[in-house]
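The chain contents come next:
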Amino acid sequence: MGEVIEFGILDGVASTTIKKLHKAGLVTLESIAVTPPREIVELTGMGMETALKVNALARLEVDPGFVSATELLEMRKHMMRARTGSKELDRIMGGGIETGVITELIGEFASGKTQICYTLSVLAQRPVEEGGFGGRICVIDTEGTFIPERVVQIAESRGYDAQEILGNILVARAYNSEHQIMLVKNLPQVCQEHDVKMVIVDSMIGHFRGEYIGRGTLAERQQKIAGVLGNLLRVAEAFNLSVVLTNQVQSKPDSAYGDPNKPTGGHVMAHACTHRVYLRKGRQNTRLIQVIDSPYLPEEKIRIAITEAGVTDEEGEWDIYDKEDTDEIEI
Ligand SMILES: Nc1ncnc2c1ncn2[C@@H]1O[C@H](COP(=O)(O)OP(=O)(O)O)[C@@H](O)[C@H]1O
Ligand SMILES: [Mg+2]
């Protein structure tokens, strides 16, 4: 979780500067490394030159720059995976939701994105022996859909102490895109202070789409989204935690090929998210899931169920064919 820095550990940095950093809550190398210098100035009152220096020094300590593939493999051994509630979904995700990267849940309204978030907020906080991360969950809710009663239902269905589960989930409601940007900027401090192991943003693009309307605003919008995603990625890497984002699809009826529904956020989202998980409604309470564009996960299609206990495997009959079932996912 990053060691609290001792005075003088950053070579050439005065102890008064370290004290200022401590006072502002920047007590670890990771939090200094991921906080933009401009913000360090605002938080501590130190000069820009000093802020640039401590930020660069902390970065050097935390981020070794180029590493050999052997070292990379060693670093990835620290990567953890949290189970999702469905063994099938865990399997196609390579064992569960990874730390150190962004996982994106994509799907239309009621496709089950928020239900996966709920389930993760219960399961990912469980101890490592139970397939969780043994840390807190931080939820940035932009749509007001994160209802604690549903968390209680999932926790109790799975035999957990609901009060304990609720106590390990930090929820912030983001009222607009600027608020969302601010909440994400504060994540290094929050993650450090509360031992957060998973950050959920549900949904990532909604506010931006709602506020930046028209072609003329597109560049600015994409730039803002890229900034938020950059901050999220740095937090994922520096704290070795999972970031899970949800994203809607937008209908592009003029699309010349495949599914007319495309994830929103364009290339900026596509680049930042390591694993993109596409959800579709299936028969009854089931959802069809496929990983798309992953650097190493197969694009296999599976089915999960949404029940009282949140996300589970489907227990129904596989051979009963339902005409309404949208079994084919074409991306
Ligand atoms: N308590 C529950 N038990 C079973 N299914 C539920 C429960 N709550 C919600 N659902 C299912 O989840 C669906 C909504 O999924 P949700 O994840 O909120 O969609 P979105 O992708 O828009 O976030 C509902 O249509 C319903 O089918
Ligand atoms: Mg939702």
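Everything here concerns the structure above.
Residues numbered from 1 in each chain as written. Chains lettered and ligands numbered in written order. Predicted model: local features only at pLDDT ≥ 70, side-chain atom pairs only at ≥ 80, totals over all residues.

Colleague: Before we move on, could you go through the packing of helix α10 (residues 177–185) against helix α13 (residues 218–238) and cite the residues and values that matter?
Modeller: Where α10 meets α13, the closest approach of the two axes is 9 Å, and the angle between their N-to-C directions is 20°. It follows from the interaxial angle that α10 and α13 lie roughly parallel. Viewed along their axes, α10 and α13 form a crossing whose handedness is left-handed. Of the residues in α13, those in contact with Ser177, Gln180, Ile181, Val184 and Lys185 of α10 are Lys224, Val228, Asn231 and Leu232. Within the contact of α10 with α13, the residues separate by chemical class into four nonpolar, three polar and two charged. (Axes fitted to C-alpha atoms, helices over the stretch in contact; angles between N-to-C directions. Helix = DSSP H or I, 4+ residues; strand = E, 2+ residues; numbered from the N terminus. Parallel < 35°, antiparallel > 145°, perpendicular 65-115°, else oblique. Left-handed = near helix turned anticlockwise from the far one by under 90°. Contact = placed C-beta atoms within 7 Å. Nonpolar A, V, L, I, M, F, W, Y, C, P; charged D, E, K, R; others polar.)

Colleague: Break down the site of ligand 1 for me, citing the residues and quoting the values.
Modeller: Close contacts around ligand 1 come from 13 residues, with Ala110, Ser111, Lys113, Thr114 and Gln115 the closest. Listed by contribution, the elements that provide at least two residues to the shell around ligand 1 are α7 (113–123) and β12 (301–307). Per element, the largest residue contribution to the shell around ligand 1 is three residues, and it comes from α7. Residues belonging to the shell around ligand 1 are distributed by class as follows: three nonpolar, eight polar and two charged. (Near = placed C-beta within 6 Å.)

Colleague: If you had to explain the nonpolar core to someone new, which residues and values would you point to?
Modeller: Formed by 78 residues in total, the largest nonpolar core has its most connected members in Leu120, Met198, Val199, Ile200, Leu232, Val235 and Val244. Counting the residues that make up this core, at least three belong to each of domain 1 (15–62) and domain 2 (78–313). Other than its neighbours up to four places away in sequence, Val235 contacts Val34, Leu187, Pro188, Cys191, Val199, Leu241 and Val243. (Core = buried A, V, L, I, M, F, W, Y, C linked by C-beta atoms within 7 Å. Buried ≥ 20, exposed ≤ 12 C-beta atoms within 10 Å, placed from the backbone. Domains from an automatic or database assignment.)

Colleague: Requested: an account of the sheet that holds strand β10 (residues 275–281), with residues and values cited.
Modeller: Pairing is mixed in the open sheet, where nine strands are placed in the order β5-β4-β6-β7-β3-β10-β11-β12-β13. Edge strands, defined here as strands with exactly one partner in the open sheet, are β5 (169–173) and β13 (310–313). Adjacent strand axes in the sheet meet at a mean angle of 25° when their direction is disregarded. Where β10 meets strand β11 (residues 286–292), six bridges bridge the pair, whose relative direction is antiparallel. Considered in β11, the bridge of Lys281 is made with Arg287. Strands in contact with helix α11 (residues 187–194) are β4 (136–141), β5 and β6 (196–202); relative to β6, the strand with the most contacts, it is inclined by about 140°. (Pairing = 2+ DSSP bridges.)

Colleague: Would you mind going over the pairing of strand β7 (residues 242–247) in detail, with residue names and values included?
Modeller: The side chains of a regular strand alternate, residue by residue, between the two faces of the sheet. β7 sits mainly inside the fold: six of its six residues count as buried. A two-sided burial pattern is seen for β7, the buried positions comprising Ser242, Val244 and Thr246 on one face and Val243, Leu245 and Asn247 on the other. In this structure, strand β3 (residues 102–107) lies alongside β7, joined through five bridges in parallel fashion. Counted as the bridge partner of Thr103 is Val244 from β7. Strand direction decides the pairing type here: β6 and β7, joined by four bridges, are parallel. Opposite Val201, over in β7, you have Leu245 as the bridge partner.

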